[in-house]
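What the coordinates show
As a plain string of letters, each chain reads:
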Amino acid sequence: QVQLVESGGGLVQAGGSLRLSCTGSGIIVSIYAMGWFRQAPGEQRELVADISSRGNTNYQDSVQGRFTITRDNAKNTVYLQMNSLKHEDTAVYYCAAGFKSSGYKYWGQGTQVTVSS
């Protein structure tokens, strides 16, 4: 079975940092495009950042310069380093795996990030 497990969420004050992890099981994360999504209460799910199998990255404008997505192939893990957090970053964050041609197929259960004002 394919499984993606997120960790690293929590409560942090505005201006602080968190690092989210997404570890794959039954899947080689390095061959997929990986994305981090988030969904705030009453809002639609949105793409925050993604990284291709070649290592190319893409970021939503609102997190550009603050968030960094990386891979650690040895740990079969993708990270999202979040710095200078703002209250509006509060959401459930999900990781996903897929291919550009077919979209994201595998999803994690999500991890809560709460940024206090």
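The following refers to the structure shown. (Residues numbered from 1 in each chain as written. Predicted model: local features only at pLDDT ≥ 70, side-chain atom pairs only at ≥ 80, totals over all residues. Heavy atoms only, no water.)

Observations concerning the packing of aromatic side chains
Under the criterion given, the structure shown has 5 aromatic pairs. Note on Phe-37 and Trp-107: the rings are 4.8 Å apart at their centroids and 50 degrees apart in plane angle, and the pair reads as tilted. Of this pair, Phe-37 sits in strand E4 (residues 33-39) while Trp-107 sits in strand E10 (residues 103-107), and the two are 70 residues apart along the sequence. With a relative accessible area of 29%, Trp-107 lands in the partly exposed category. (Phe/Tyr/Trp six-rings, centres within 6.5 Å; stacked < 30°, edge-to-face > 60°. Helix = DSSP H or I, 4+ residues; strand = E, 2+ residues; numbered from the N terminus. Buried < 20%, exposed > 50% of the residue type's maximum accessible area, 1.4 Å probe, protein only.)

A word on the nonpolar core
Counting 27 residues, the largest nonpolar core has Met-34, Trp-36, Leu-80, Met-82 and Tyr-93 as its most contacted members. Listing elements by their share of this core, those giving two or more residues are strand E3 (18-25), E4, strand E5 (46-51), strand E7 (67-72), strand E8 (77-82), strand E9 (91-99) and strand E11 (111-116). At 4 residues, the largest contribution of residues to this core is made by E9. Every residue in contact with Tyr-93, bar those within four places of it in the chain, is listed here: Glu-6, Leu-20, Trp-36, Phe-37, Arg-38, Val-48, Phe-67, Leu-80, Met-82, Gly-110, Thr-111 and Val-113. (Core = buried A, V, L, I, M, F, W, Y, C linked by side-chain atoms within 4.5 Å. Contact = heavy atoms within 4.5 Å.)

A look at the layout of surface pockets
Put simply, the largest pocket is a space of about 160 Å³. Surrounding the largest pocket, Ala-33, Asp-50, Ile-51, Ser-52, Gly-98, Phe-99, Lys-100, Gly-103 and Tyr-104 form its lining. Mapped onto the lining of the largest pocket, the elements with two or more residues apiece are E5, E9 and E10. Residues of the lining of the largest pocket, tallied by class, amount to 4 nonpolar, 3 polar and 2 charged. (1 Å grid on protein atoms, 1.4 Å probe; cavity = no way out; pocket = protein on both sides within 12 Å on 5 of 7 lines; lining within 4 Å. Points joined across faces, edges and corners; volume = space filled by probe spheres on them. Nonpolar A, V, L, I, M, F, W, Y, C, P; charged D, E, K, R; others polar.)

A look at unusual backbone geometry
Phi is positive for Asn-76, which is not a glycine, with a value near 55 degrees. Note that Asn-76 resides in the loop between E7 and E8. When its relative accessible area of 18% is taken as the criterion, Asn-76 is described as buried. In this structure, Ser-84 takes a positive phi of about 50 degrees despite not being glycine. Positionally, Ser-84 belongs in the loop between E8 and E9.

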